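The lines below spell out each chain.
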Amino acid sequence: MTGTVWIDGERFSAESAQVSVFDRGFLYGDSVFETLRTYGKRPFALDEHLSRLERSAERVLIRMPLDRDGFRREVNEALGAVDYDESLVRIMLTRGRGESLGLDPGLSNTPLRVMLVMPLVAPAAHKYAEGIGVITYRAPRLADGTAAAGAKVANYLAAVLAIDAARKASAEEALFVDAEQRVLEGSTSNVFAVRGGRLVTPPEELGILPGITRAHVLSLAAGRGLLTELRSLSVDELFEAEELFISSSIRELLPVVSVDGRRIGDGRPGKTTLALLSDFRVAARAV
Ligand SMILES: Cc1ncc(COP(=O)(O)O)c(C=O)c1O
C-alpha cells in the first residue's frame with residue numbers, strides 16, 4: 001500500500017503503522033469513519049465530512065478526541081506533508097482498547113484516531129463515458145433499524161458481500177433493496193434516477209448514509225431548476241428510469257447504464273447525469 005498514516009497525530013509510513021489487536025475497531029467493528037478526497041490538493045467538503053463524523057460518533061457513543069478545529073488542522077497538516085497529485089483521506093475513529101474483552105462500550109473511553117492519506121485512484125475515464133452496470137441486492141444492512149442507521153460505521157460486511165455478488169455478475173456496484181422492494185443505496189454510494197424529467201433519490205428516513213456528494217447533487221439540481229423528489233424508489237421504477245447514476249466522494253457521479261443486465265434508457269450515460277457531473281466537477285474544483 002502506498003500512503004501515509006497518522007495515529008493519534010503521530011506520523012508513520014504505511015508499512016510501519018500498527019494498531020493493537022485489542023482495539024475494538026478490530027475486535028467488533030466498533031468504529032466510525034469518513035472518506036474524502038482533494039481537488040487541487042485541497043480537501044473537498046471537509047467541514048461536511050467532519051460534521052458527519054461527529055454525528056456518527058454521537059450515534060454510537062464514541063467520544064470525539066479532538067474538536068472540529070483540531071481535526072481540520074490535522075487533515076490540512078497531513079495533506080501539506082504528502083506530495084500526491086490528489087489524495088484520498090480516510091479518517092477513522094475507534095472506541096479504542098477496552099480494559100478487558102467484552103462488548104460493554106463503557107470498557108473504553110480512550111478513542112483511537114487513525115488517518116490514512118493515499119494517492120487518489122479515481123475511476124477510469126471510460127466508466128464516465130460509457131457508464132457502469134449495477135446489480136440489485138436484497139439483504140438488510142447491518143445497522144438497519146438500529147440507533148446506528150445512517151451513521152458511517154466501519155462494519156461493512158454486508159456491503160462486502162454485496163460487492164462480491166456484483167463482481168460475480170461483472171457489475172461495478174450493488175444496490176441494496178429492502179424487503180418492501182425499495183431501492184436504498186449502493187454498497188458505498190447513493191443512487192439517483194431521472195424519471196419524467198425529475199431527479200428522484202431515496203430519503204434519509206430509510207436509513208441510508210446521507211452522502212455528502214448526494215447533498216451537493218441535490219443543490220446543483222436545484223440550481224439548474226431541476227425538480228427533485230426525495231422518496232423511495234421501487235425496483236420497477238429503477239428499470240424504467242430514463243437515467244440512473246450513483247454518487248460518492250471518490251466516484252463523484254457515475255452513470256449507470258444497466259441493472260441486473262437490463263439496459264437503462266438508451267444504454268448510454270444520460271444528458272442530465274452528465275450535466276450534473278460537469279456542474280459537480282466545476283463546483284468541487286472551485287472551492
Ligand atoms: C453506504 C454508503 N452510502 C453512500 C456513500 C456516499 O457518501 P459520500 O458522497 O459522502 O461519499 C457512501 C460512501 O462511502 C457509503 O459508504
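A quick note: this is a predicted structure, and the numbers were derived from the prediction, not measured.

So, how was this worked out
Residues numbered from 1 in each chain as written. Predicted model: local features only at pLDDT ≥ 70, side-chain atom pairs only at ≥ 80, totals over all residues. Heavy atoms only, no water. Near = heavy atom within 4 Å. Polar contact = N/O pair within 3.5 Å; in protein donor to acceptor, adjacent residues only side chain to side chain. Areas by Shrake-Rupley, 256 points an atom, 1.4 Å probe, with all protein chains shown as cover. Helix = DSSP H or I, 4+ residues; strand = E, 2+ residues; numbered from the N terminus. Salt bridge = Lys/Arg side-chain N within 4 Å of Asp/Glu carboxyl O. Phe/Tyr/Trp six-rings, centres within 6.5 Å; stacked < 30°, edge-to-face > 60°. Buried < 20%, exposed > 50% of the residue type's maximum accessible area, 1.4 Å probe, protein only. Lys NZ or Arg CZ within 6 Å of the ring centre and 35° of its normal. Core = buried A, V, L, I, M, F, W, Y, C linked by side-chain atoms within 4.5 Å. Domains from an automatic or database assignment. Contact = heavy atoms within 4.5 Å. Axes fitted to C-alpha atoms, helices over the stretch in contact; angles between N-to-C directions. Parallel < 35°, antiparallel > 145°, perpendicular 65-115°, else oblique. Left-handed = near helix turned anticlockwise from the far one by under 90°. Nonpolar A, V, L, I, M, F, W, Y, C, P; charged D, E, K, R; others polar. 1 Å grid on protein atoms, 1.4 Å probe; cavity = no way out; pocket = protein on both sides within 12 Å on 5 of 7 lines; lining within 4 Å. Points joined across faces, edges and corners; volume = space filled by probe spheres on them. Expected span 1.5 Å × (residues − 1). Buried area = accessible area lost by both parts, 1.4 Å probe.

## Details of the site of the ligand
Around the ligand, a shell composed of 16 residues is seen, among which Tyr 156, Glu 185, Ile 212, Thr 213 and Ser 249 lie nearest. One of the side-chain nitrogen or oxygen atoms of Arg 52 is found 2.9 Å away from an oxygen atom of the ligand. At 2.7 Å from an oxygen atom of the ligand is found a side-chain nitrogen or oxygen belonging to Ser 249. Protein coverage of the free-state accessible area of the ligand, which is 390 Å², stands at 92%. For the shell around the ligand, the secondary-structure elements that each account for two or more residues are strand S9 (182-186), helix H6 (212-223) and strand S14 (243-248).

## Thoughts on the pattern of salt bridges
Per the stated rule, a full pass over the model turns up 26 salt bridges. As a salt-bridge pair, Arg 214 and Glu 204 come within 3.6 Å of each other at their nearest N and O atoms. In this pair, Arg 214 sits in helix H6 while Glu 204 sits in the loop between strand S11 (198-201) and H6, placing the two residues 10 residues apart along the sequence. Three or more residues joined by partner-sharing salt bridges are found here, namely Arg 195, Arg 198, Glu 229, Arg 231, Glu 237 and Glu 240.

## Remarks on the packing of aromatic side chains
The final tally for this structure, using the stated rule, is 5 aromatic pairs. With a centroid separation of 5.5 Å and an interplanar angle of 70 degrees, the aromatic rings of Phe 33 and Tyr 156 are classed as edge-to-face. A residue pair is termed long-range when its members are at least 10 positions apart, and Phe 33 in strand S3 (residues 31-39) and Tyr 156 in the loop between strand S7 (132-138) and helix H5 (157-168) qualify at 123 residues. Judged by relative accessible area, which is 5%, Phe 33 ranks as buried. Linked through ring pairs, Tyr 39, Phe 44 and Phe 280 together constitute an aromatic cluster. Between Arg 262 and the ring centre of Phe 239, over which it is positioned, the NZ or CZ distance is 3.9 Å. Above the ring of Tyr 128, the side-chain terminus of Arg 281 is found at 4.5 Å from the ring centroid.

## Section: the nonpolar core
With 38 residues, the main nonpolar core has Val 183, Leu 199, Leu 244, Val 259 and Leu 276 as its most contacted residues. Take this core: its biggest share by element is 5 residues, from H6. Split by domain, the residues of this core number at least three in each of domain 1 (4-119) and domain 2 (125-286). Ignoring sequence-local partners within four residues, the contact set of Val 183 consists of Leu 175, Phe 176, Val 177, Val 191, Pro 202, Leu 233, Ser 234, Val 235 and Leu 238. Among the nonpolar cores identified, the runner-up in size contains 23 residues, and Val 32, Leu 36, Ala 78 and Val 82 belong to it.

## Side note on the packing of helix H2 (residues 46-59) against helix H3 (residues 68-81)
Running from amino to carboxyl end, H2 crosses H3 at an angle of 130 degrees, the nearest separation of the two axes being 11 Å. Judged by the angle between their axes, H2 and H3 are oblique. H2 and H3 meet at a crossing whose hand is right-handed. Counting all contacts with H2, which are made through Leu 46, Asp 47, Leu 50, Ser 51, Leu 53 and Glu 54, the residues of H3 involved are Arg 68, Phe 71, Arg 72, Val 75 and Asn 76. Within the contact of H2 with H3, the residues separate by chemical class into 5 nonpolar, 2 polar and 4 charged.

## Brief notes about the layout of surface pockets
Reported here for the second largest pocket is a volume of approximately 320 Å³. Considering the residues around the second largest pocket, the lining is formed by 13 residues, among which Val 19, Gly 25, Phe 26, Met 92 and Thr 94 are closest to the centre. Within the residue set of the lining of the second largest pocket, elements represented by two or more residues are helix H1 (24-28), strand S5 (87-94) and strand S6 (112-119). At 3 residues, the largest contribution of residues to the lining of the second largest pocket is made by S5. The residue makeup of the lining of the second largest pocket, split by class, is 7 nonpolar, 4 polar and 2 charged.

## Regarding H6
Here H6 contains 12 residues, and its C-alpha end-to-end distance of 17 Å stays within 8% of the 16 Å for a straight helix at 1.5 Å per residue. For H6, the complete set of buried residues consists of Ile 212, Thr 213, Arg 214, His 216, Val 217, Leu 218, Leu 220 and Ala 221. Once H6 finishes, Gly 225 follows within two positions and takes phi at roughly 75 degrees, a positive value.

## Quick look at the domain arrangement of the protein
Taken as a whole, the protein is organised into domain 1 (4-119) and domain 2 (125-286). The centre of domain 1, based on its C-alpha atoms, is set 26 Å off from the matching centre of domain 2. Across the boundary between the two partners, domain 1 contributes 20 residues, which contact 21 residues of domain 2. Between domain 1 and domain 2 the total buried area reaches about 1,800 Å² when both faces are included, carbon and sulfur atoms providing 61% of it. Arg 37 is the salt-bridge partner of Glu 252, the closest N and O atoms lying 3.8 Å from each other. Within the residue set of the side of domain 1 that touches domain 2, elements represented by two or more residues are S3 and H2. Top element by residues in the side of domain 1 that touches domain 2 is S3. It accounts for 8 residues. A class-by-class count of the residues in the side of domain 1 that touches domain 2 yields 8 nonpolar, 5 polar and 7 charged.

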